[in-house]
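Structural characterization, general
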Amino acid sequence: MSSLLPFTSSLLGASRRLMWKNTPGLSPLLRLTPPAPSWVAAFGKKDLPDLPVLLEEELEEQFVRGSGPGGQATNKTSNCVVLKHIPTGIVVKCHQTRSVDINRKRARDIMREKLDVAYKGELSELVVKKKESVLRKQEKRKRVNENLERKRLFNEALAVDNKPGDDNA
């Protein structure tokens, strides 16, 4: 087991580090090399889009006091992470858990997503997936409404056929 640890940690490190290409006119966050082999991605999140890499020297991190529900325990601890991307000015504030380490990781994930949307715009995988999700929900709602209308018409037809005054039989 211990012989696999360096191997897996080198795979995880390789998936995080991406090399840059010298392509003029594009942001360094968009100039990524071709994707790593599929077996490397199996260690990470499922269905994770190709998000930009965050460089620590481009980030400014602060820890501020939290707010919201939780009372005194929440309000007196400085576990809220404020992350600012200096080149773009994008600011992310994360206070989802009581743990500073988890909040730092989640703030960086949110920052990567926001940078992806900021740099790629409508071509961002996150925006495309969101639009697909909205379209699926709209189609489902439309089908549900059509089914409800059919049921209503069917029940009306049954009510007309079964009037109490029409006893011809």
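Chains are numbered independently. Their residues run from 1 in the order of the written sequence. Where totals are concerned, whole chains, interfaces and linings use all residues; where local detail is concerned, this predicted model gives features only for residues with pLDDT of at least 70, and gives and counts side-chain atom pairs only at 80 or more. For the side-chain quantities, the full set of heavy atoms in the structure was used; hydrogens and water were omitted.

Two strands are counted as paired when DSSP detects at least two bridges linking them. Helix numbers and strand numbers start at the N terminus; a helix is a DSSP run of H or I with at least 4 residues, a strand a run of E with at least 2. Spatial ordering of the open sheet is given by E1-E2-E3, a layout of three strands whose pairing is antiparallel. Strand pairing shows two members of the sheet lacking a second neighbour, strand E1 (59-64) and strand E3 (90-94), which therefore form its edges. Taken pair by pair, the neighbouring strands of this sheet meet at an average axis angle of 15°, ignoring direction. Pairing analysis gives five bridges linking strand E2 (residues 80-85) to E3, with the strands arranged antiparallel. Simply put, an axis is a line fit to the C-alpha atoms, just over the touching stretch for a helix, and the angle between two N-to-C directions goes from 0 to 180 degrees.

To continue, consider the pattern of salt bridges. When a carboxyl oxygen of Asp or Glu is within 4 Å of a side-chain nitrogen of Lys or Arg, the pair counts as a salt bridge. Counted under the stated rule, the structure contains eight salt bridges. Between Glu56 and Arg108 there is a salt bridge, with its nearest N and O atoms 3.1 Å apart. Here Glu56 is found in the loop between helix H2 (38-41) and E1, whereas its partner Arg108 is found in helix H4 (residues 100-120), with 52 residues between them in sequence. The exposure class assigned to Glu56 is partly exposed, which follows from its relative accessible area of 47%. Using a 1.4 Å probe on the protein chains alone, a residue whose accessible area is under 20% of its type maximum counts as buried, one over 50% counts as exposed, and one in between counts as partly exposed. Since its relative accessible area comes to 14%, Arg108 is described here as buried. One salt bridge in this structure joins Lys131 and Glu122, with 2.4 Å as the shortest N-O distance.

If you look at the biggest cluster of nonpolar residues, it comprises ten residues: Leu54, Leu59, Val81, Leu83, Ile90, Val92, Cys94, Ala107, Met111 and Leu115. Residue assignment for this core shows that the elements contributing at least two residues are E2, E3 and H4. Pairs of residues are marked as contacts when any of their non-hydrogen atoms sit within 4.5 Å. When near neighbours in sequence (up to four residues on either side) are disregarded, Val81 contacts Glu61, Gln62, Phe63, Val92, Lys93, Cys94, Val100, Asn103, Arg104 and Ala107. Note on terminology: a nonpolar core comprises buried Ala, Val, Leu, Ile, Met, Phe, Trp, Tyr and Cys residues joined through side-chain atoms within 4.5 Å.

Moving on, we get to the side chain of Asp116. The topology assignment puts Asp116 in helix H4. Sequence-distant contacts of Asp116, that is, excluding residues within four places in its chain, are made with Asp50, Leu51, Pro52, Gly121, Ser124, Glu125 and Leu126.

With that settled, the discussion passes to the packing of H4 against helix H5 (residues 125-161). Axis separation between H4 and H5 bottoms out at 8 Å; the angle between their running directions is 90°. Accordingly, the angle class assigned to the pair H4 and H5 is roughly perpendicular. Mapping the contact onto sequence places Glu113, Asp116 and Val117 in H4 and Glu125, Leu126 and Val127 in H5. Among the residues making up the contact of H4 with H5, the classes are represented as three nonpolar, no polar and three charged. Orientation categories follow fixed angle ranges, with anything under 35 degrees roughly parallel, anything over 145 roughly antiparallel, 65 to 115 roughly perpendicular, and all other angles oblique. Residue type decides the class: Asp, Glu, Lys and Arg count as charged, Ala, Val, Leu, Ile, Met, Phe, Trp, Tyr, Cys and Pro as nonpolar, and the leftover types, Gly among them, as polar.

Turning next to the pairing of E2. Buried residues dominate E2, accounting for five of its six residues. In textbook terms, the turn of a hairpin is the stretch between consecutive antiparallel strands, and for E2 and E3 this stretch comprises four residues, one of which, Gly89, has a positive phi near 80°.

Values of pLDDT, the confidence the predictor places in each residue, fall between 0 and 100. Confidence in the prediction for the protein averages 76 pLDDT; 68% of positions are at 70 or higher. Confidence drops under a pLDDT of 50 for residues 4-24, and excluding neighbours within four residues, the segment shows 22 contacts in the predicted structure. Within the model, pLDDT remains below 50 along residues 29-45, and this stretch shows 28 contacts once partners closer than five positions in the same chain are excluded.

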